[in-house]
Amino acid sequence: MTVSVVRSNIMASPEEGDLPKTEDSKMGDEETEEEPKLGLLQQDPVQTGKRARKSTVRLAAEEPKKEKPPLEIKEGSGIELGTLDNVCYNLEKILATDQNLKMVHNFLFGSQGKKTVIKKNIRKFSGFTDMSDAFLKKKQDWLGQKTVFQLKTIAEVLDVDIRGTKEDKIEQILDFAKKPTDPGHSSIRERVKKKTAKRKRAASKKKKATTKVSKAGAPSAKTPRQYFALEIKNKVKAENPDSSKEELMRIIKDQYEALSPEEMKKYEDMAAEAAKEEEDEDEDESEEDEPEDDDDDSDYEEKKRTAKKKAPKKSAAKVESDEDEDEDEDSDEEDMCGFEKSEFEEFKAGILDILGKESDVDSLTPKMILAGLGDKFPDKDIQAIKVPLKKLIKEQFTKFINART
């Protein structure tokens, strides 16, 4: 009876998993939940279960960038610049990537333009189509921001004559751009051709003159005795094999002097014929040296001679004073370095200010001073005028150093 009771108690005992959890077991579970996850290299390499499926990322086609429409060149009230030979010549002599050409395109069309079509666009320009006050004021202000040097560059490319103050130059360029017309200037291309041809003629004359001098230094036609010596030289040498050169020449001389007048005439005729042929060659060369008739050169020489006759003679003192005035004018122009007086004074003051503030002036370079001017005048396009500015910087730097010493 006792054994059966025990057996029933064992059968009725709950399983381990069904045992109620104590407080200690609950704390242990919380600790296991709070344990950090193992890293990828610390985990078991054999993984069980299903892998997480990655979501598919679809590629969306990008919209193509909108290209700027090509520049539309409307017909103006003037003639196309491509019909002006001087403008075409200027465009041929300048690179499409040149900043000055981009500046001209920007003035005419409001954009710098692509290098592949920049010259083509300028040739097609025939004047502004917008003549409103606001548009013209905008162009006038744009030109006003440029230096005189840049204005001269624009005028040179467009073959426009500009004179007077900066405001006058701006007005003259703007008037041409409103309605381009043929200024009637002489062809630059033809002038260059004539100068090139003149240089070639001068070089050719110099070369022929050198050849003539060399010919003049060369021995003239042979004498009758030399022709006689050429004829009997081998015979005399064979008859006198042991004789020296001087002795052979003496023998030939004695034989020539012993000739009769009739025999000597043969060699005199040979020498005279050779001399005549040489004279004919010299005459042919002199005829080739004569330059072709050039109406322009002859007119120029005629005008020069006429001017010399008409011009009154100046006294020596007056000539010296005129030369001094010319030198003074030239020096003033060189000191201005191509700038207007106001711009010149402005840049000069800026350069002297930079030199005065620097303790070690000898360490300064033109490039450093140029950078300082860029900081002083942020509204000026320093890079576009760096060539005349460097010249001005060198002059002022030299004067500053001389004044200090």
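Note: the structure precedes this text.
### So, the overall build of the chain
Piece 1. For the chain, the count of helices and strands is 17 helices and 0 strands.
Piece 2. For the chain, the proportion of contacts with a sequence separation of at least 24, taken over those separated by at least 6, is 67%.
Piece 3. Element-wise, carbon and sulfur atoms account for 51% of the exposed surface of the chain, whose accessible area totals about 31500 Å².

### Here's the deal with the pattern of salt bridges
Piece 1. One pass over the full model with this rule turns up 9 salt bridges.
Piece 2. A salt bridge links Arg-189 to Asp-85, with the shortest nitrogen-to-oxygen separation between them at 3.4 Å. Taken together, the residues Arg-189 in helix α9 (residues 188-217) and Asp-85 in helix α3 (residues 85-92) connect sequence positions 104 residues apart.
Piece 3. Exposure remark for Asp-85: the relative accessible area of 36% places this residue in the partly exposed category.
Piece 4. Two residues, Asp-175 and Lys-178, come together in a salt bridge whose shortest N-O distance is 3.8 Å. One end of the pair is Asp-175 and the other is Lys-178, both in helix α8 (residues 166-178) and 3 residues apart, which spans about a single turn.
Piece 5. Its relative accessible area of 39% is what places Asp-175 among the partly exposed residues.
Piece 6. The network of salt bridges with shared partners includes Asp-85, Glu-92 and Arg-189.

### Some words on the environment of Thr-196
Piece 1. Among the structural elements, Thr-196 can be located in helix α9.
Piece 2. For Thr-196, the side chain forms a polar contact with the main-chain oxygen of Val-192, separated by 2.7 Å.

### Focus: the nonpolar core
Piece 1. Residues Leu-81, Phe-107, Leu-108, Leu-143 and Ile-154 are the most contacted members of the largest nonpolar core, which totals 30 residues.
Piece 2. Elements supplying a minimum of two residues to this core: α3, α4 (99-109), α5 (118-124), α6 (133-144), α7 (148-158) and α8.
Piece 3. Of the residues forming this core, the biggest block, 6 residues, is contributed by α4.
Piece 4. What Leu-143 contacts, discounting residues up to four positions off in sequence, is Phe-107, Leu-151, Ile-154, Ile-170, Ile-173 and Leu-174.
Piece 5. With 19 residues, the next largest nonpolar core counts Phe-344, Ile-382, Ile-385 and Leu-389 among its residues.

### Re unusual backbone geometry
Piece 1. At Asp-159, a position not held by glycine, the phi torsion is positive, near 60°.
Piece 2. Counting through the fold element by element, Asp-159 comes out in the loop between α7 and α8.

### Details of α4
Count 3.6 residues to each turn of an α-helix, and residues three or four apart come out pointing the same way.
Piece 1. Within α4, 8 of the 11 residues are buried, which leaves the element mostly enclosed by the surrounding structure.
Piece 2. Where α4 is concerned, the buried positions are Leu-101, Lys-102, Met-103, Val-104, His-105, Phe-107, Leu-108 and Phe-109.
Piece 3. Of the surrounding elements, those touching the buried residues of α4 are α3, α5, α6, α7 and α8.
Piece 4. Two to three positions downstream of the cap, the backbone nitrogen of Asn-100 sits 2.7 Å from a side-chain oxygen, assigning the N-cap of α4 to Asp-98.
Piece 5. Of the residues trailing α4, Gly-110 is marked for its positive phi of about 85°.

### As for a positive patch on the surface
Piece 1. Together, Lys-367, Lys-386, Lys-390 and Lys-394 line one region of the surface with positive charge.
Piece 2. Examining the composition of the positive patch, we find that 3 residues originate from one element, helix α17 (residues 386-404), more than from any other.
Piece 3. With respect to the secondary-structure elements, Lys-367 resides in helix α16 (residues 366-376).
Piece 4. Residue classification places Lys-367 among the exposed positions, given a relative accessible area of 69%.

### Thoughts on the packing of α7 against α8
Piece 1. Where α7 meets α8, the closest approach of the two axes is 11 Å, and the angle between their N-to-C directions is 30°. Classified by the angle their axes make, α7 and α8 are roughly parallel. As α7 runs across α8, the sense of the crossing is left-handed. Of the residues in α8, those in contact with Val-148, Leu-151, Lys-152, Ile-154, Ala-155 and Leu-158 of α7 are Lys-166, Lys-169, Ile-170, Ile-173 and Phe-176.
Piece 2. Each residue belonging to the contact of α7 with α8 can be placed in one class, and the counts come to 8 nonpolar, no polar and 3 charged.

Parameters and conventions
Residues numbered from 1 in each chain as written. Predicted model: local features only at pLDDT ≥ 70, side-chain atom pairs only at ≥ 80, totals over all residues. Heavy atoms only, no water. Helix = DSSP H or I, 4+ residues; strand = E, 2+ residues; numbered from the N terminus. Contact = heavy atoms within 4.5 Å. Areas by Shrake-Rupley, 256 points an atom, 1.4 Å probe, with all protein chains shown as cover. Salt bridge = Lys/Arg side-chain N within 4 Å of Asp/Glu carboxyl O. Buried < 20%, exposed > 50% of the residue type's maximum accessible area, 1.4 Å probe, protein only. Polar contact = N/O pair within 3.5 Å; in protein donor to acceptor, adjacent residues only side chain to side chain. Core = buried A, V, L, I, M, F, W, Y, C linked by side-chain atoms within 4.5 Å. Patch = residues over 30% accessible without salt bridge, like charges linked within 9 Å, V, L, I, M, F, W, Y side chains within 5 Å. Lys, Arg positive; Asp, Glu negative; His and termini not counted. Charge placed at Lys NZ, Arg CZ, Asp CG, Glu CD. Axes fitted to C-alpha atoms, helices over the stretch in contact; angles between N-to-C directions. Parallel < 35°, antiparallel > 145°, perpendicular 65-115°, else oblique. Left-handed = near helix turned anticlockwise from the far one by under 90°. Nonpolar A, V, L, I, M, F, W, Y, C, P; charged D, E, K, R; others polar.

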